[in-house]
There are 2 protein chains.
Amino acid sequence: MPTENELLRRLKSQKQTYPKGMRLAIGDDCAVFDVDSTQSIVATTDLLVENVHFRRSWSHPQLLGRKSLVVNLSDLAAMGARPFACLLNLMIPAELTDSLFDSFIEGFVTAARHWACPLIGGDLSNANLLQVGVTVLGVVPKGSEVKRSTGQPGDRVLVIGDLGLSRLGLELLESGKHSDLNQADRAETLSHFIPDPFELACIRAHLAPEPLLEAGSWLRKEGLVHAMMDVSDGLALDLERLAVASGLQAVITRTALEPYQSIAEREIDPDVVLNGGEDYALLFTASDEQVSRLQQIYPLTFPHFRIIGVLQQGPPGLYWGSDGTVQPCQARGFEHFR
Amino acid sequence: MPTENELLRRLKSQKQTYPKGMRLAIGDDCAVFDVDSTQSIVATTDLLVENVHFRRSWSHPQLLGRKSLVVNLSDLAAMGARPFACLLNLMIPAELTDSLFDSFIEGFVTAARHWACPLIGGDLSNANLLQVGVTVLGVVPKGSEVKRSTGQPGDRVLVIGDLGLSRLGLELLESGKHSDLNQADRAETLSHFIPDPFELACIRAHLAPEPLLEAGSWLRKEGLVHAMMDVSDGLALDLERLAVASGLQAVITRTALEPYQSIAEREIDPDVVLNGGEDYALLFTASDEQVSRLQQIYPLTFPHFRIIGVLQQGPPGLYWGSDGTVQPCQARGFEHFR
């Protein structure tokens with residue numbers, strides 16, 4: 001089995017581009033960087049744990065490396081921030097180190113290059129299962145981060161990105177229908193293994209999600225958003241969190257989710273849309289004025305947005321609305337920690 | 001078992017003091033902070049994995065929470081930085097969450113308060129073992145961080161702090177002689193369980209190490225250090241890393257380690273001093289001029305320093321020196337990752 005020093009050498013052989021202000025990365029006790037005083041720094045961290053968040057047999061280690069970064073980038077997107085750098089804690093079973101390490105790192109570092117978020121530090125350990133902790137640092141112009149607690153009464157609730165697909169992808173993986181997917185090393189090669197376009201979209205959403213960094217930054221820059229967060233634990237649970245943080249009630253328009261969307265003519269069950277989890281969509285609120293501006297200038301290259309409800313005064317929480325009446329909506333959600 | 005939301009509420013009930021510039025901590029997608037442009041930011045991350053880095057039966061979860069922060073603060077000390085804030089990834093077996101979570105967090109947050117390094121973000125997951133990943137952010141005056149790669153030919157090699165004690169503490173724990181230590185919830189209460197002062201010092205060094213933040217900052221501020229790192233994998237392996245990073249040879253004076261130190265009249269085997277691991281001492285190099293100044297003004301309240309060798313031109317690596325001759329020294333070290 002390779003030593004930590006050897007693994008570090010293999011890691012360092014991966015070419016990376018560092019942002020301006022990076023003084024020291026990987027190889028000393030700490031990484032060191034300067035940030036211009038016109039910028040605020042944002043920081044987030046997320047875990048991927050074998051047999052809780054993924055099964056090793058479902059996914060190529062390269063895609064796992066990619067996803068472990070993306071789930072954090074999605075949090076950055078939700079603040080309207082851009083990535084700056086990241087740190088990686090990797091726990092690997094000793095007997096798998098040689099087969100997993102290089103692939104995982106290649107997927108991770110390729111993603112880090114793609115989204116301009118270089119790896120600047122980390123730690124390695126044996127463990128009895130494969131487990132990954134990633135910390136991402138990002139920047140926004142000073143004081144301009146978009147919080148989840150700043151929704152306003154009368155705001156519309158909007159979503160950018162797919163809801164429910166990732167959950168259906170998870171169910172497909174659990175069904176065992178596609179048992180050869182751990183050979184697909186990149187998002188692009190999943191299509192070689194999944195002929196059906198709907199199933200491909202679902203599994204891609206689950207194994208190779210895209211962080212909506214451009215859309216998040218754009219909304220912030222254009223001033224078209226009051227509150228924002230990413231949807232990682234299911235729309236219902238996450239919208240409830242936004243509503244409670246903003247001290248308002250979020251009312252979902254029932255009809256807005258039925259049918260939520262269709263790919264290859266197949267529709268998605270509203271319950272899966274509401275409680276699916278791991279969507280990495282952007283959930284945000286905006287005034288009517290902001291929404292009409294959004295409708296005028298929204299870039300065609302971004303995933304489409306959809307209005308799904310409204311924020312209003314009242315006991316904070318999540319509600320259903322139809323025909324002018326409102327009733328509480330129980331978020332079942334998708335809490336990994338159960 | 002409690003949900004993640006409930007655990008988050010319990011976590012938030014811990015009072016914390018945030019540094020100036022903290023805009024947002026815990027509860028949104030990311031933490032957000034501003035750093036004055038006269039400061040550089042340093043970042044480091046470390047893992048503690050059950051049955052690799054610790055056994056649950058050896059240590060109270062409060063001490064484990066404390067140590068998981070301290071091992072990272074030691075990296076900050078080695079850059080001459082002061083703590084700013086931290087993020088915590090915690091993996092806990094489902095059946096242990098109720099018994100472990102509050103204790104671990106109390107130990108962690110108490111340490112975070114003590115060393116002015118508030119918790120600003122994190123993630124929680126089930127796992128089959130207890131595992132902890134901590135990321136610490138710190139600050140130094142812009143560009144003044146102390147690297148391991150800037151040792152100069154002719155520098156003396158110095159150490160602040162104890163070497164070898166932690167390893168002897170580990171051996172005591174492994175021997176099973178002190179099987180009730182998991183009841184000692186703080187560094188101070190270990191003495192209730194260990195009457196022998198030497199054994200107490202060893203076990204305290206292992207279970208409740210102190211980060212040498214003040215000494216590290218002081219050396220940087222006084223300009224008395226060329227290169228510095230912390231000793232976490234054993235003096236031999238870490239000094240070899242410093243020497244290689246500086247492109248020089250580090251020559252340890254054989255007699256400097258024999259006897260290295262004595263507590264309660266007991267001496268420590270030089271091999272344990274050299275290859276013990278988890279010492280969290282500071283290893284640094286300084287010119288003769290810096291060393292004489294150090295000898296004049298070194299604060300009596302800091303752990304004592306000791307000169308153990310010299311850096312010189314030659315094939316980079318670790319060497320023994322005695323009576324003017326030099327021979328290679330094989331660092332066995334203490335690589336967890338084996």
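Structure first, text after, so check above.
A brief structural summary. Everything quoted here is computed from the prediction, not taken from an experiment.

The rules we used
Residue positions are given per chain, counted from 1 along the sequence in the order it is written. Chains carry letters from A onward and ligands carry numbers from 1 onward, assigned in written order. The predicted nature of this model means local features are confined to residues of pLDDT at least 70 and side-chain atom pairs, given and counted, to a pLDDT of 80 or more, with totals for whole chains, interfaces and linings taken over all residues. The side-chain figures draw on all heavy atoms in the structure; neither hydrogens nor water molecules are used. Only runs of H or I of at least four residues qualify as helices and only runs of E of at least two qualify as strands under DSSP, and these elements are numbered from the N terminus. Restricting the calculation to C-alpha atoms gives the radius of gyration, and the globule rule supplies 2.2 Å times the number of residues raised to the power 0.38. In this scheme, a residue with accessible area under 20% of its type's maximum is buried, one over 50% is exposed, and one in between is partly exposed, where area comes from a 1.4 Å probe on protein chains only. The contact definition used throughout considers only heavy atoms, calling two residues in contact when any of these lie within 4.5 Å. At least two bridges found by DSSP between two strands is the condition for calling them paired. Between the N-to-C directions of two axes lies an angle of 0 to 180 degrees, each axis being a line fitted to C-alpha atoms and, for a helix, fitted only over the stretch in contact. Buried area is a sum: the accessible area each of two parts loses on coming together, probed at 1.4 Å, counted once for each and added. Here, a salt bridge means any Lys or Arg side-chain nitrogen found within 4 Å of an Asp or Glu carboxyl oxygen. N or O atoms within 3.5 Å of each other form a polar contact, as long as, within protein, one can give a hydrogen and the other can take it, and as long as residues adjacent in sequence are counted only when both atoms are side-chain atoms. Roughly parallel covers angles under 35 degrees, roughly antiparallel covers those over 145, roughly perpendicular covers 65 to 115, and oblique covers all other angles. Three residue categories are used. Nonpolar comprises Ala, Val, Leu, Ile, Met, Phe, Trp, Tyr, Cys and Pro, charged comprises Asp, Glu, Lys and Arg, and polar comprises the others, including Gly. Two rings from Phe, Tyr or Trp (for Trp, the six-membered ring) form a pair when their centres are within 6.5 Å of each other. A pair whose planes differ by under 30 degrees is stacked, one over 60 is edge-to-face, and the rest are tilted.

To continue, consider the overall build of chain A. Along the backbone of chain A there are 9 helices and 15 strands. Since a compact globule built from 338 residues should have a radius of gyration of about 20 Å, the 20 Å found for chain A is in line with a globular shape. The principal-axis extent of the C-alpha atoms belonging to chain A is close to 65 × 50 × 35 Å. Out of the 338 residues in chain A, the part that is buried amounts to 63%. Contacts spanning at least 24 positions in sequence make up 83% of the contacts within chain A whose residues lie at least 6 apart.

All names here are of chain A. Taking strand neighbours across the sheet as the criterion, the 7 strands line up as E8-E12-E7-E13-E9-E14-E15 in an open arrangement whose pairing is mixed. On the outer flanks of this sheet lie strand E8 (227-231) and strand E15 (325-328), each paired with one strand and no other. On average, adjacent strands in this sheet sit at an angle of 30° to one another, irrespective of strand direction. Across 5 bridges, the pairing between E8 and strand E12 (residues 281-286) is antiparallel. When the sheet's bridge partners are listed, Asp230 is paired in E12 with Leu282.

Picture the strands of a sheet paired through backbone hydrogen bonds; they go either parallel or antiparallel. Ordered in space as E5(A)-E4(A)-E6(A)-E3(A)-E2(B)-E1(B), the 6 strands form an open sheet in which the pairing is mixed. Of all strands in the sheet, those bounded by a partner on one side alone are strand E5 (119-126) of chain A together with strand E1 (22-24) of chain B. Along the sheet, successive strands turn relative to each other by an average axial angle of 20°, direction set aside. The pairing of strand E4 (residues 82-92) of chain A with strand E6 (residues 131-141) of chain A spans 9 bridges and is antiparallel. Residue pairing in the sheet places Leu87 of chain A in a bridge with Thr135 of chain A of E6 of chain A.

Taken together, the contact between chain A and chain B spans 70 residues of the former and 70 residues of the latter. Interface area for chain A against chain B, summed over the two sides, is near 5500 Å², with a carbon-plus-sulfur share of 55%. Applying the counting criterion to the chain A and chain B interface returns 2 salt bridges. Of the charged contacts in the structure, one is a salt bridge between Arg148 of chain A and Asp29 of chain B, with a shortest N-O distance of 3.3 Å. Here chain A is connected to chain B by 16 residue pairs in polar contact (both at pLDDT 80 or more).

Once that is clear, we can look at unusual backbone geometry. Even without a glycine there, the phi angle at Asn51 of chain A is positive, about 70°. Mapped onto the fold, Asn51 of chain A is located in the loop between strand E3 (39-49) and helix H2 (61-79).

With that settled, consider helix H4 (residues 165-175) of chain B. Among the residues of H4 of chain B, Leu165, Ser166, Leu168, Gly169, Leu170, Leu172 and Leu173 of chain B are the ones counted as buried. Gly176 of chain B sits one or two positions beyond H4 of chain B and adopts a positive phi of about 80°.

Residues and elements named next belong to chain A. Where helix H4 (residues 165-175) meets helix H5 (residues 197-207), the closest approach of the two axes is 7 Å, and the angle between their N-to-C directions is 100°. Regarding the angle of H4 to H5, the classification is roughly perpendicular. Contacts between H4 and H5 involve Leu165, Ser166, Leu168, Gly169, Leu170, Leu172 and Leu173 on the former and, on the latter, Phe198, Glu199, Ala201, Cys202, Ile203, Ala205, His206 and Leu207. Here the contact of H4 with H5 is built from residues that sort into 11 nonpolar, 3 polar and 1 charged.

Moving on, we come to the packing of aromatic side chains. All names here are of chain A. Going through the model one piece at a time under the given rule, you end up with 10 aromatic pairs over all chains. Ring geometry for Trp218 and Phe302: centres 5.9 Å apart, planes at 85°, overall edge-to-face. With Trp218 in helix H6 (residues 213-222) and Phe302 in the loop between helix H9 (288-297) and strand E13 (305-312), this pair connects stretches of sequence that are 84 residues apart. For Trp218, a relative accessible area of 14% gives the class buried.

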